[in-house]
There are 2 protein chains.
Amino acid sequence: MNLNIESEILAKIRPKPEERAKVYEVISKVVKLLRAKLEKLKAKVEVEGSVAKDTWISGDVDIDIFVLYPENYGVDWVKREGFKAILNTVNSIFEYRIAYAEHPYVQVLVNNIWVDIVPALDIKDPRRCKTTVDRTPHHTRYIKNKLDEKMRDEVRLLKKFMKGIGVYGAEIRVSGFSGYLCELLIIHYGSFRGVLEAASKWKPPIVIDIEGYYGGMIKEVLKKFNNHHIIVVDPVDPNRNVASAVSMESLSKFIAASIMYLKNPSIAFFEPKVIVPNDEVLKSMVKGRGDKVLALKFETPKLHPDILWGEIWKSLKGIMRLLELQGFHVIDYDAWCDEKDTILLIEVLEEELPKVEVRMGPPVYIINNSMDFIGKHLEAKDTVGGPYIRGYRWYVLKRRSMVKPEDYIRFNWRKASISKDIVNSLAKGFELLTGKDVVDASSNSEYKLKLYLFLRKTPPWLQS
Amino acid sequence: MNLNIESEILAKIRPKPEERAKVYEVISKVVKLLRAKLEKLKAKVEVEGSVAKDTWISGDVDIDIFVLYPENYGVDWVKREGFKAILNTVNSIFEYRIAYAEHPYVQVLVNNIWVDIVPALDIKDPRRCKTTVDRTPHHTRYIKNKLDEKMRDEVRLLKKFMKGIGVYGAEIRVSGFSGYLCELLIIHYGSFRGVLEAASKWKPPIVIDIEGYYGGMIKEVLKKFNNHHIIVVDPVDPNRNVASAVSMESLSKFIAASIMYLKNPSIAFFEPKVIVPNDEVLKSMVKGRGDKVLALKFETPKLHPDILWGEIWKSLKGIMRLLELQGFHVIDYDAWCDEKDTILLIEVLEEELPKVEVRMGPPVYIINNSMDFIGKHLEAKDTVGGPYIRGYRWYVLKRRSMVKPEDYIRFNWRKASISKDIVNSLAKGFELLTGKDVVDASSNSEYKLKLYLFLRKTPPWLQS
């Protein structure tokens, strides 16, 4: 039955001949053009990524064409001149746009498919690579050498599984497993099943050193990579951990899903079916719960997604700390955004804090501080009891001026550690919604899905 | 002005000649009788305590008469035969009752004054004393030798001050300064003012070694006495800390009151005037506060006060832990009792806990525990969200079955660490009052005073 599931999935995700033909036609057009025009710069033009390695998933193709300039041109030249040479080659022929990762690169629309054209350096020894893009051709070569056709299908299954359980992608939003990492896992463990069986027994920290660069010296590897919870030594550069972007949570989700899948395989791991209930049901979920869900909505800053998501997580943590310092328990947070709006979701145990708080004063034997504390609180209007002595200190009971989490965010958000671009956006204005109004924060169906999963929390693949 | 306050107090607390005469008459009667009847047992009869040392406070006299048997009779003989000999001497002549401290002793009513008659051993070297009562004659002798008339008045002032601020007495209920400790402080610092000036500069731990047994080896003294926050080496036995009963809180209160008195002397330190408001005002204090005050009322177990108060504090701490394990913040507790009723007062920040709680599950890589956790919670009726993964663990959101602190006490008190006698008393039945009903827990005016101070918290002597 399990094998049936996997064959069924494979039949769907293995690219169809007509799909391949379409992709190769697009590649051929772009590569020919670039080779013709950039020969004078001694540039090599190569296909990289999952298309080159033939590990892409049907319906989900990213075409990456790299223009590799001689190593002695240097990183700065590539960033400016190498990029400009590509732009000048394509801008009169294709619809195009400029994108940014580590460097700027060009995207062109060919036969209705967007193709990335990335300038990089052609570096012989991968250990000398200073940027991710310079390293990419080495990764492509390594994987092409190691994978046969059967294993390429196993990579596809693993990628689809990772996507299904929400841990595919090294970008900050996901903090999961990159395509290259999936390929290395298949090379190391031989098959999709092999990877899952290994992962189901993983107890972090995990160390995988395919090329045996460290000769089994686990402690050294752990020390070198700061005890990261999963270390996969890059076969093309032993100083790199391919899994450095994998968060503890993504790793844990993969371990847990591997355990559950092997016990009870189901299509739900690859293709999670989530039926989002209607707004009325969502509203009753938020309302009946007994804790408090907050939605903070503001204009999405114009930033590269990795930078935006970095700022979103940082800001969420800042707001969490703001609330926790007051005594709230933040039990979950997440975010959704589109081009226009960003919505931060925050779940707090307490609908309100107690109206009274204990404030700790100085030790009784620190005279000046004690006098100040007594002077400040003894006759104050918001003092409910004390000052009084417990143990070796003065204390006082104070009436809180605010008790709701939304008030602390509304009035004190500038005291929280929030990223600059999000501060700027909040300063322009924001909406802060609580209770059932959280459902109406956006009418976008992706938002409703995010909110539903946020409330439900149970992963779609989890079955009893 | 300060000296006027102190003279005024002294005039009140120095025993009047007619009061002395009355006391000496009583003593004379009892001593004569005991000497006549117990001569055949080679017993010495001596007056001990504050009367012998002439450091008692007018209107507050404890007459302690000791019957000292030869050392070779041994502790067990004194406890049984020595006690019986006293009892048989007085039982036909005076109204009497039997009391217990370390050993049983006899109390007799003479001219309307209760006199303690205590059997003990006449031990030459105080370091050989195994009981407190055997040590008492040595203390009496030491103090009588060291104090002149002026200093005896200074002791009276210090005792009255300690009483006024609520730290006089080594018994568990107070955990404060004994009379002997007050006398030693006057001997060491010379005067009431001298003690307060020293205490106002104390920063615990405090070490006082009047006879210089340890030659200034502070570290050794601290180690020997387990780093207690105040160590006063007993002049008659260097292995004893006279201040071992003083709690950190009593010490802190004395330090703070010393600081405040020296800055601004007032009669309020010696004779705190607390005007307890009427029940309506007390009720509005409890109600308007925003936290929760609970009163647990049960039948007072028939026990020696020191044992009873030991059990009361232990049980209060047990109830506090029961509540804190659930997530409540207990900010204060206290107790009041008379012969009939005991009332425990507990103040909790939260009127209710959030209706939802986060329960932490096992790490995802501990497979059996994870399976159990998922099996237990996935379909459970009281599961609000999850199970879900955060970090490396499973979690689940559960609906609480109880949210009020009074419910946890009412239904789960048997799970708390409560002393046996109080458990027995609770098992017979108890009242658990909250909110304004706390005021009606007893009509006793001492209870109302206790409750008022519990709510107000500010010590009566604290002025801005």
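Trainee: Where do I start with unusual backbone geometry in this structure?
Mentor: Here the bond from Pro204 of chain B into Pro205 of chain B is cis, since omega is 5 degrees, no more than 30 degrees from zero. Following Gly386 of chain B, the chain continues into Pro387 of chain B via a peptide bond in cis, with omega recorded as 5 degrees. Although it is not a glycine, Asn111 of chain A adopts a positive phi angle of roughly 45 degrees. Mapped onto the secondary structure, Asn111 of chain A falls in the loop between β4 (104-110) and β5 (113-122). Judged by relative accessible area, which is 30%, Asn111 of chain A ranks as partly exposed. Phi at Lys42 of chain B is positive, roughly 60 degrees, even though this residue is not glycine. Tracing the backbone shows Lys42 of chain B in the loop between α2 (17-38) and β1 (44-48). By relative accessible area, Lys42 of chain B is classed as exposed at 64%.

Trainee: Is there a simple way to think about the confidence of the model for chain A in this case?
Mentor: Keep in mind that low pLDDT regions are not for reading the predicted coordinates in detail. Mean pLDDT for chain A: 95, with 99% of residues reaching 70 or above. This complex was scored by the predictor with a pTM of 0.81 and an ipTM of 0.90.

Trainee: For this particular structure, what's the right way to read the interface of chain A and chain B?
Mentor: Many authors give the size of an interface as the accessible area that is lost as the parts come together. On the chain B side, the residues contacting the 56 residues of chain A number 56 residues. If you sort the residues of chain A by the area they bury against chain B, Arg289, Tyr365 and Ile389 of chain A come out on top, with a joint share of 12%. The tally of links from chain A across to chain B stands at four salt bridges. Residue Glu249 of chain B is joined to Arg390 of chain A by a salt bridge in which the shortest nitrogen-to-oxygen separation is 3.8 Å. At the surface where chain A touches chain B, the tally comes to 10 residue pairs in polar contact (both at pLDDT 80 or more). With nine residues, the top contributor of residues to the side of chain A that touches chain B is helix α10 (residues 248-263) of chain A. Class assignment for the residues of the side of chain A that touches chain B results in 29 nonpolar, 10 polar and 17 charged.

Trainee: Where do I start with a nonpolar patch on the surface in this structure?
Mentor: Nonpolar side chains collect at one region of the surface, where Tyr96, Ile98 and Tyr100 of chain A lie side by side and expose about 300 Å² of accessible area between them. Counting through the fold element by element, Ile98 of chain A comes out in strand β3 (residues 95-100).

Trainee: Help me understand the side chain of Ser200 of chain A in this model?
Mentor: Tracing the chain through its elements places Ser200 of chain A in the loop between α8 (192-199) and β6 (206-208). At 2.8 Å, the side chain of Ser200 of chain A and the backbone oxygen of Glu197 of chain A are in polar contact. With residues near it in sequence (within four places) discarded, Ser200 of chain A still touches Ile255, Ser258, Ile259 and Leu262 of chain A together with Ile367 of chain B.

Trainee: What exactly am I supposed to notice about the sheet that holds β1 of chain B here?
Mentor: Pairing between the strands of a sheet comes from backbone hydrogen bonds, and it takes one of two forms, parallel or antiparallel. Residue and element names in this part refer to chain B. Strands sit in the order β1-β2-β5-β4-β3 across an open sheet of five strands; the sheet is mixed. Two strands in the sheet have a free side with no partner beyond their single neighbour: β1 and β3 (95-100). The sheet shows a mean angle of 30 degrees between the axes of neighbouring strands, direction not considered. In this sheet, strand β5 (residues 113-122) lies alongside strand β4 (residues 104-110) in antiparallel orientation, the contact comprising five bridges. Across the sheet, the residue bridging to Val106 is Ile117, located in β5. Where α2 meets the sheet, its contacts fall on β1, β2 (63-70), β4 and β5, and the angle it forms with β2 comes to roughly 20 degrees.

Trainee: Just checking my understanding: could you explain the environment of Leu109 of chain B for this structure?
Mentor: Relative to the elements of secondary structure, Leu109 of chain B occurs in strand β4. Those residues in contact with Leu109 of chain B, other than ones at most four positions away along the chain, are Phe94, Glu95 and Trp114 of chain B.

Trainee: Help me out: how do you make sense of the pattern of salt bridges in this one?
Mentor: Oppositely charged side chains can pair when the atoms bearing their charge come close. According to the stated counting rule, one finds 72 salt bridges over all chains in the structure shown. With a shortest N-O distance of 3.1 Å, Arg156 of chain A and Asp153 of chain A are connected by a salt bridge. One end of the pair, Arg156 of chain A, and the other, Asp153 of chain A, are both in helix α6 (residues 149-164), three residues apart, so they sit about a helical turn from each other. The pair Arg156 of chain A / Asp153 of chain A is uniform in exposure class, with both members buried. In this structure, Lys404 of chain B and Glu352 of chain B form a salt bridge, with 3.5 Å as the shortest nitrogen-oxygen distance.

Trainee: Help me out: how do you make sense of the relation of the copies chain A and chain B in this one?
Mentor: Two chain copies here: they are related by a rotation about an axis and a translation along the same axis. Of the two same-sequence chains, chain A is brought onto chain B (RMSD 0.1 Å, axial shift 0.0 Å) by a rotation of 180 degrees. The operation mapping one copy onto its partner corresponds to a two-fold rotation axis. Here 100% of the interface residues in chain A have copies in chain B that are interface residues too; the copies meet face to matching face.

Trainee: Could you clarify how one ought to interpret the packing of α6 of chain A against helix α7 (residues 179-189) of chain A in this entry?
Mentor: Two packed helices can be described by the angle between their axes and the distance between those axes. All names here are of chain A. It is at 9 Å that the axes of α6 and α7 come closest, and there the two elements cross at 125 degrees. One finds that α6 runs oblique with respect to α7. For the pair α6 and α7, the sense of crossing is right-handed. For the pair α6 and α7, the contacting residues are Met151, Glu154, Val155, Leu158, Lys159 and Met162 in the first and Gly179, Cys182, Glu183, Leu185, Ile186 and Ile187 in the second. Its residues assigned to classes, the contact of α6 with α7 shows eight nonpolar, one polar and three charged.

Trainee: Honestly, helix α8 (residues 192-199) of chain B in this entry has me stumped. Any pointers?
Mentor: Because each turn of an α-helix spans 3.6 residues, side chains separated by three or four positions in sequence point in the same direction. Counted residue by residue, α8 of chain B has seven buried out of eight residues, so it is predominantly covered. Within α8 of chain B, the full set of buried residues consists of Phe192, Arg193, Gly194, Val195, Leu196, Ala198 and Ala199 of chain B.

About the criteria used
Residues numbered from 1 in each chain as written. Chains lettered and ligands numbered in written order. Predicted model: local features only at pLDDT ≥ 70, side-chain atom pairs only at ≥ 80, totals over all residues. Heavy atoms only, no water. Helix = DSSP H or I, 4+ residues; strand = E, 2+ residues; numbered from the N terminus. Buried < 20%, exposed > 50% of the residue type's maximum accessible area, 1.4 Å probe, protein only. pLDDT = per-residue confidence, 0-100. Contact = heavy atoms within 4.5 Å. Buried area = accessible area lost by both parts, 1.4 Å probe. Salt bridge = Lys/Arg side-chain N within 4 Å of Asp/Glu carboxyl O. Polar contact = N/O pair within 3.5 Å; in protein donor to acceptor, adjacent residues only side chain to side chain. Nonpolar A, V, L, I, M, F, W, Y, C, P; charged D, E, K, R; others polar. Patch = residues over 30% accessible without salt bridge, like charges linked within 9 Å, V, L, I, M, F, W, Y side chains within 5 Å. Areas by Shrake-Rupley, 256 points an atom, 1.4 Å probe, with all protein chains shown as cover. Pairing = 2+ DSSP bridges. Axes fitted to C-alpha atoms, helices over the stretch in contact; angles between N-to-C directions. Least-squares fit on C-alpha atoms with pLDDT ≥ 70 in both. Parallel < 35°, antiparallel > 145°, perpendicular 65-115°, else oblique. Left-handed = near helix turned anticlockwise from the far one by under 90°.

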